[in-house]
Every structure is written in structure tokens, then in C-alpha cells.
Amino acid sequence: MSTYHPLSEAQAIEYARQIPNLFQPESELTSQEIGDGNLNLVFRISEKTSGKSIILKQALPYAKVVGESWPLTLDRARIESEALIIEEGLVPDLVPHVYAYDADLALTVMEDLSDHIIMRRGLIERNEYPLFAEHIGRFMANTLFFTSDLGKNQQEKKIQQGRFINPELCKITEDLIFDDPYRDADTNSIEDHIRDAAEQLWADSELHLEVAILRQKFLTNAQALLHGDLHTGSIFIKPDSTKVIDPEFAYYGPMGFDIGAVLANLILNFAGQEGWSQDHESREAYRAYLLKTVKEVWTHFETNFRALWNEHGVDRVFQTPGYQDYFLKNLLQDTVGFTGAKMVRRIVGLAHVADIDKIEDNAARERAQRLALAIGTSCIRANRQVTSIDELIAIVTKESAVERGFVL
């Protein structure tokens, strides 16, 4: 019989007290429930005398953003814990350490990152992170390469893939990113002032074809173990450190989905500068930083990925001259397509982003929403023709100019 129950703060304290070698016996511990996401309870347990703290993250059997009418598997806690452990083995400086996992309570105990901030908040505050592109490029190169047929024994990869099927959370992605935004779905969240743009999405059969191709890749192309939800709300950051969290959507899928998620969220903040920058000069300066970061993320990823392939590739056939270039060209195209899909869903789908939704000025928020949709749909349309990351930058620059009434 299951012993699962959602923890109270008092119960979280008592659980933390039992974990070996973390806190002093009988010391005073405090708990704060800090979860602001859609799916989980998150407790920070602190020891007053030492200042030491840990995080207890407990999966709920339903989506917190909706309620008990949307049940969810508790197995996602196992998937998250195992994904973090795999990631820590590959990039130990870029993920939180996992102290323990409790299957009965769907509970993961991990390192507290309270000296970092959520990257989404940092970008809204218009901070710059000079090491981020290198960090996230290396994170994606290592985690994607070493869990793929390029860098992992292919029979072991098949066994590992079976542990990360994750059908329920994949279903959320399949619906909320690749279906609902392109029809008048009940789950969509659309402000009245962009209803016309949403209706254009629903009627655009050429766009739907490209989305169908991307959806098919998400459903069938099991290239590597993905984080599965790699947005700026799943990254803790400070100027000299980057930590990737929350891989509960992890599954084996197309590599470009993770890379596209990172780029999409940088570009969503680019659009959101309509409301966060105080004047034209500061807006253009921060947008230039964001586009520079977009390019550097891909460049660092590609450089690291190629180096890993050349040094650690496990398959003789994949060393055939020209295949690496072919693979990376297709991966870039997937990345651009998934970038667009992730952007569109954050404007008209169920869960939006604070970069845009928190803009108080209605006119500025509408400009940001329309710009994000224009960039997103252009990325989706262009994805199968792209040959350089500069072409993604050009799409963003062009659509931004069009929104301001200029023509490039």
C-alpha cells in the first residue's frame, strides 16, 4: 500500500532531520515552502546555527496550476532524480547535487541554490551573465552527446531510454506545444487584444505543416536524453555560476528541442523588452546582448559537441567524412523550428512567461506578444532552410524592425 502523502512544512523538517550527515542532531530547523512552479511542492529547510540549507522537492499527483482535475504520475520524481544524477556525472558544476530520492514520497532532496536567482527574473531585471553561453552550451553538448548513439554504447542507450519513456509529461508537451496553439483549444490562454493573431494561427495550413513535421520529430526522434523543459525558469544563475534544475520532463527525444527551448526564452525576453527597457537606447543595448547570447549559445554548443564527437565518438560509421556536418546542419534546423514552436505556445498556450505577461502597460505587452508571435512563426516557417545561426538572428532582427514600422 502506498505511503504517499503531501508533506506539511513540519513533516518536511522532520524528514530532513533524518537524512544522514546533513544537520546536527537536535539543531533548530526551519522550513519555507517556496514552490512557484506548476507541478510540485518545494521546501527549503535551513539550520539556524550553521546557515546550512537543503531543498526538498515533492511531486504532487496533479498539476498544481490546474488542480486535482488534472492528475499526473508521481514517477516524474524518479525521472527527475535520475536525470539530475546522470547530468551531474557529465557536468557536475552545472546541476545541483542530489542527496537522496524517496520513491514512496516522490521526493528528491538536493542542494540549495539560494545564492543564485532564477534566470528569468535576472533577465527581466536586465542583468547580463557573461559566462552563461559557455555554461549552457557545454551543458547541452555533454548531456546530449553522451546520452546519444554518438557517444554512448548503443545497447546501453536503449536500456536507458526505457527508463525515461515519461508518457504523461510528454503528452503535456505534445498537446500544449504542438497542437493546442494551432486550434481554438479550451486550454489556450489568449488576451482579447491578440485574438486576431491567434485566429490567423488557426487558419494557417502552411504553418501547420511545419508544426506537424516538428511534432513528428518530437514523438519519434529519440536522439538523446533531453532535459525536456529547458527554459530560463529552469536555470538558477549568478554571474559566475549556472545551475540547471527541474528535469522532470526528461525523455529521449530530438536534441534540437532542448537547444530551441533555451534560445526561445532568450528571444521571448528580447520581445519583452518592449515593457522592461526604459528608453530606446537601453532597449537596443540589452537586445543586442540577448542576440549575442543566442549566437554564442549555439556556437559554444556546436564547438563542444564537435570536439566530443571527434574525441569520444563510439560509432565507426558516424566518423564518415561529411556526416558530422550533415548532422549539425539538421540539428540547427530542428533547433530553429523548436525555438519558434516554444515561442508561439508561450503567447497563446496554457502557460505563459513572466517576461511578457508581467508587463503592466497594455500597449507594450501587446507589442511584445505580437513581436514574439511574429518571430516564432517565422522561425517555424524557415526552419528547414536555415544553414547558419546568423539566419536565426536575422529573423529576430527583421521581425523587430517590422514591428517598429521599418523594413530591412
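Computed from a prediction, not measured in an experiment: that's the story for all the values here. (Residues numbered from 1 in each chain as written. Predicted model: local features only at pLDDT ≥ 70, side-chain atom pairs only at ≥ 80, totals over all residues. Heavy atoms only, no water.)

**Here we look at the overall build of the chain**
Scanning the chain for helices and strands turns up 14 helices and twelve strands. What you see for the chain is a C-alpha radius of gyration of 21 Å, in line with the 22 Å of a compact globule of 408 residues. Considered along the principal axes of its C-alpha atoms, the chain spans approximately 70 × 55 × 40 Å. Counting all 408 residues of the chain, 55% fall into the buried class. The long-range fraction of contacts in the chain, counting pairs at least 24 apart against all pairs at least 6 apart in sequence, stands at 72%. For the chain, the computed accessible surface area is about 17,300 Å², with 50% contributed by carbon and sulfur atoms. When the 41 basic and 62 acidic side-chain charges of the chain are each reduced to a single mean position, those positions are 3 Å apart. (Helix = DSSP H or I, 4+ residues; strand = E, 2+ residues; numbered from the N terminus. Rg over C-alpha atoms; globule rule 2.2 N^0.38 Å. Buried < 20%, exposed > 50% of the residue type's maximum accessible area, 1.4 Å probe, protein only. Contact = heavy atoms within 4.5 Å. Areas by Shrake-Rupley, 256 points an atom, 1.4 Å probe, with all protein chains shown as cover. Lys, Arg positive; Asp, Glu negative; His and termini not counted. Charge placed at Lys NZ, Arg CZ, Asp CG, Glu CD.)

**Things to note about the nonpolar core**
Side chains that are nonpolar tend, in soluble globular proteins, to be buried together. With 92 residues, the main nonpolar core has Phe 132, Met 140, Phe 301 and Phe 305 as its most contacted residues. Ranked by residues supplied to this core, first place goes to helix α9 (residues 255-276) with twelve residues. Ile 13, Ile 54, Leu 107 and Val 109 belong to the second largest nonpolar core, which has 21 residues in total. (Core = buried A, V, L, I, M, F, W, Y, C linked by side-chain atoms within 4.5 Å.)

**Considering the UniProt feature "binding site: ATP" (unreviewed entry) in the chain**
Summarizing the sequence annotation, UniProt attributes the feature "binding site: ATP" (unreviewed entry) to Asn 40, Lys 57, Glu 111, Asp 112, Leu 113, Asp 246, Pro 247 and Glu 248 in the numbering used throughout. When only the residues just named are considered, the second largest cavity is lined by Asn 40, Lys 57 and Glu 248. With respect to the helices, strands and loops of the structure, Asp 246 is situated in the loop between β11 (241-244) and β12 (251-253). Exposure remark for Asp 246: the relative accessible area of 23% places this residue in the partly exposed category. Turning to its location among the elements, Glu 248 is positioned in the loop between β11 and β12. In this structure, Glu 248 is in contact with Leu 39, Asn 40, Lys 57, Arg 76, Ile 79, Glu 80, Asn 166 and Leu 169, ignoring residues within four places of it in sequence. Reaching out from Glu 248, the side chain makes a polar contact with the side chain of Arg 76 at a distance of 3.2 Å. (UniProt positions renumbered as here; feature names shortened; annotations may be inferred. 1 Å grid on protein atoms, 1.4 Å probe; cavity = no way out; pocket = protein on both sides within 12 Å on 5 of 7 lines; lining within 4 Å. Polar contact = N/O pair within 3.5 Å; in protein donor to acceptor, adjacent residues only side chain to side chain.)

**Some words on the packing of helix α13 (residues 362-382) against helix α14 (residues 389-403)**
For the pair α13 and α14, interaxial distance at closest approach is 9 Å and the crossing angle is 140 degrees. Judged on the interaxial angle alone, α14 and α13 are oblique. Here the hand of the crossing between α13 and α14 comes out right-handed. Within the contact between the two elements, α13 uses Arg 367, Arg 370, Leu 371, Ala 374, Ile 375, Ser 378, Cys 379 and Ala 382 and α14 uses Leu 392, Ile 395, Val 396, Glu 399, Ser 400 and Glu 403. Classifying every residue of the contact of α13 with α14 gives eight nonpolar, two polar and four charged. (Axes fitted to C-alpha atoms, helices over the stretch in contact; angles between N-to-C directions. Parallel < 35°, antiparallel > 145°, perpendicular 65-115°, else oblique. Left-handed = near helix turned anticlockwise from the far one by under 90°. Nonpolar A, V, L, I, M, F, W, Y, C, P; charged D, E, K, R; others polar.)

**Considering the sheet that holds strand β10 (residues 235-238)**
Read across the open sheet, the three strands follow the order β8-β10-β11; overall the sheet is antiparallel. The sheet terminates laterally at β8 (117-118) and β11, the two strands that pair on one side only. For β8 and β10, the ladder comprises two bridges, and the chain directions are antiparallel. By the bridge assignment, Ile 118 is partnered in β10 with Phe 236. (Pairing = 2+ DSSP bridges.)

**Overview of the environment of Thr 397**
For Thr 397, the location among the structural elements is in helix α14. Its relative accessible area of 34% is what places Thr 397 among the partly exposed residues. Once the C-alpha coordinates of Thr 397 and Ile 347 are considered, the two residues, 50 residues apart in sequence, prove to be 19 Å apart.

**Some details on the side chain of Asn 40**
Mapped onto the fold, Asn 40 is located in strand β2 (residues 40-47). Side chain to side chain, Asn 40 and Arg 76 meet in a polar contact 3.3 Å long. Within the local environment of Asn 40, its side chain forms a polar contact with the side chain of Glu 248, the two groups lying 2.9 Å apart.

**Some details on the pairing of β2**
Two faces, one strand: in a regular strand the side chains alternate between the faces of the sheet. A large share of β2 lies buried, amounting to seven of its eight residues. In this sheet, strand β3 (residues 53-59) lies alongside β2 in antiparallel orientation, the contact comprising seven bridges. Within β3, the residue paired with Val 42 across the bridge is Lys 57. In this antiparallel pair of consecutive strands, β2 and β3, the connection spans five residues, and Gly 51 shows a positive phi of 80 degrees.

**A word on the layout of surface pockets**
Each pocket or cavity is described by its volume, and for the second largest pocket that value is around 270 Å³. Residue assignment for the lining of the second largest pocket shows that the elements contributing at least two residues are α7 (195-203), α13 and α14. The element contributing the most residues to the lining of the second largest pocket is α13, with six residues. Taken together, the residues of the lining of the second largest pocket sort by class into four nonpolar, three polar and six charged. (Points joined across faces, edges and corners; volume = space filled by probe spheres on them.)

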